[in-house]
Each structure stands twice: as structure tokens, then as C-alpha cells.
Amino acid sequence: MKIAMIRNLAGRELDFEKFKHVIGVEAVVREVAPLYGIDVEAACLAAVAHDLAKPLPFSKQVSLARELGLIEFPEDITSPQVLHGRLAADIVKKQFGVVDGDVLNAISYHTTGRVGMSPLEMLIYTADCVEPERDYPGVEALRKLLFCDLLEVTVACMDRTMGFLEARGKPLHPLTLMARESLVPLTE
């Protein structure tokens, strides 16, 4: 029931392309979650909620995040595109009574990852990266890898994101760097 209500909110708040993206992420997690023993309902809830705050202008995201105590790093302000996940988690907690910490973390950190990611967090992070509307070199290989090794595909998606940002001269978020460093030894 919460999933349907959050999906409806996403449909009202997001533009058509972003809503298609959210539905794509939901479709991916619905298919993949059972492969890794991840609760499908929790995964779908996180999927439909992950971009709820994305339409807010960056200045509004920064001011809300400051007000709510969600700023963790200076890069949260210099790269505010990472804040919408934390704000979306706040929305579902307050408006829909979602209290599952794993779901809230999956929503909060879907753009950066974090040290100590759960399988649900890794799934939302990677599904956001490989959902059917995504089209970039190497996405098909990542989609296939998602069905084989959740840990390995998470690191590969982080590598892809880091390469994308570096190629454009954009800063890397410390949460992503720390998350990757914590996950790489587990893949060896």
C-alpha cells in the first residue's frame, strides 16, 4: 500500500522522463531482489521513493538539507546533486511513516553509496545505474553482471560513476571513495 502511495506521489512530482526512470528502477529491483534474498517490498519501496526530492532546485535542496541536519561533507554543498536521496528518505519517513533503516539508507545513499552498504543499498545503487532507460557504453555488461554478483556490479558502477565525473573534471564525493575502498577487498 505504501509503495502505491509513494509511486503515485512520484508520478505527480516527477516529470515524465524521471518517472519512467523510477519505474525502471522498480522493475529492475523487483526482478533482481529475489536472487540475493532481498525483500522485494522493501526494494520496491526504496526504488519508487529514491528520486522524490530530485525536482527541487539545488538551492532548495541545500537549504532543506541544512535545516534538517543532512549535510555530512563539504561536497554535499559543492555537489548538491547528491542531496536528493537524503531528502527523499526524509519525505518517506515523515509523510509515509517509513522507519526501516535499511530502506531509508538505500534511498539516502543511492547516489554515493557508503561504507557498510547492505545488499538492499547495493541493489538500489546499481539499479539506479543500469535501469532500462540508461544508455551509455558498457551499461549492458553492467546489467548482465547485476544478475551474477551484486558486490562486483556495485564496485563496477562506482568505477563507472567515478570515471564519468573525473572525465568531466567534477569532484568525487568522499562517500563514494570510501564505499569503494571498503568494497574492493571483498571482491578479491
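A brief structural summary. If you're wondering where the values come from, they're calculated on a predicted model, not measured in any experiment.

Comments concerning the pattern of salt bridges
Move 1: As enumerated under the stated definition, the model contains 11 salt bridges in all.
Move 2: One salt bridge connects Arg7 with Glu26, and the closest N-O pair in it is separated by 2.7 Å. You can see Arg7 sitting in helix α1 (residues 2-13) and its partner Glu26 sitting in helix α2 (residues 16-32), a full 19 residues away along the chain.
Move 3: Note on Glu26: relative accessible area 6%, which makes it buried.
Move 4: Residue Arg134 is joined to Asp128 by a salt bridge in which the shortest nitrogen-to-oxygen separation is 3.4 Å.
Move 5: Taken together, the shared-partner salt bridges connect Arg7, Glu26 and Arg30 into one network.

Concerning the layout of surface pockets
Move 1: Volume-wise, the largest pocket comes out at about 690 Å³.
Move 2: Considering the residues around the largest pocket, the lining is formed by 28 residues, among which Thr111, Asp128, Thr161, Phe164 and Leu165 are closest to the centre.
Move 3: Going through the elements one at a time, α2, α8 (119-130) and α10 (150-167) are the ones with two or more residues in the lining of the largest pocket.
Move 4: Of the residues belonging to the lining of the largest pocket, the class tally is 9 nonpolar, 10 polar and 9 charged.

Focus: α10
Move 1: The terminal C-alpha atoms of α10 lie 26 Å apart, and with 18 residues this matches the ideal 26 Å at 1.5 Å per residue to within 8%.
Move 2: Along α10, the positions that sit buried rather than exposed are Leu150, Leu151, Val153, Thr154, Val155, Cys157, Met158, Met162 and Leu165.
Move 3: For α10, the secondary structure elements touched by its buried residues are α8, α9 (139-146) and α11 (174-187).
Move 4: The opening residue of α10, the one whose side-chain oxygen lies 3.1 Å from the backbone nitrogen of Leu151, is Asp149.

Thresholds applied
- Residues numbered from 1 in each chain as written.
- Predicted model: local features only at pLDDT ≥ 70, side-chain atom pairs only at ≥ 80, totals over all residues.
- Heavy atoms only, no water.
- Salt bridge = Lys/Arg side-chain N within 4 Å of Asp/Glu carboxyl O.
- Helix = DSSP H or I, 4+ residues; strand = E, 2+ residues; numbered from the N terminus.
- Buried < 20%, exposed > 50% of the residue type's maximum accessible area, 1.4 Å probe, protein only.
- 1 Å grid on protein atoms, 1.4 Å probe; cavity = no way out; pocket = protein on both sides within 12 Å on 5 of 7 lines; lining within 4 Å.
- Points joined across faces, edges and corners; volume = space filled by probe spheres on them.
- Nonpolar A, V, L, I, M, F, W, Y, C, P; charged D, E, K, R; others polar.
- Expected span 1.5 Å × (residues − 1).
- Contact = heavy atoms within 4.5 Å.
- Polar contact = N/O pair within 3.5 Å; in protein donor to acceptor, adjacent residues only side chain to side chain.

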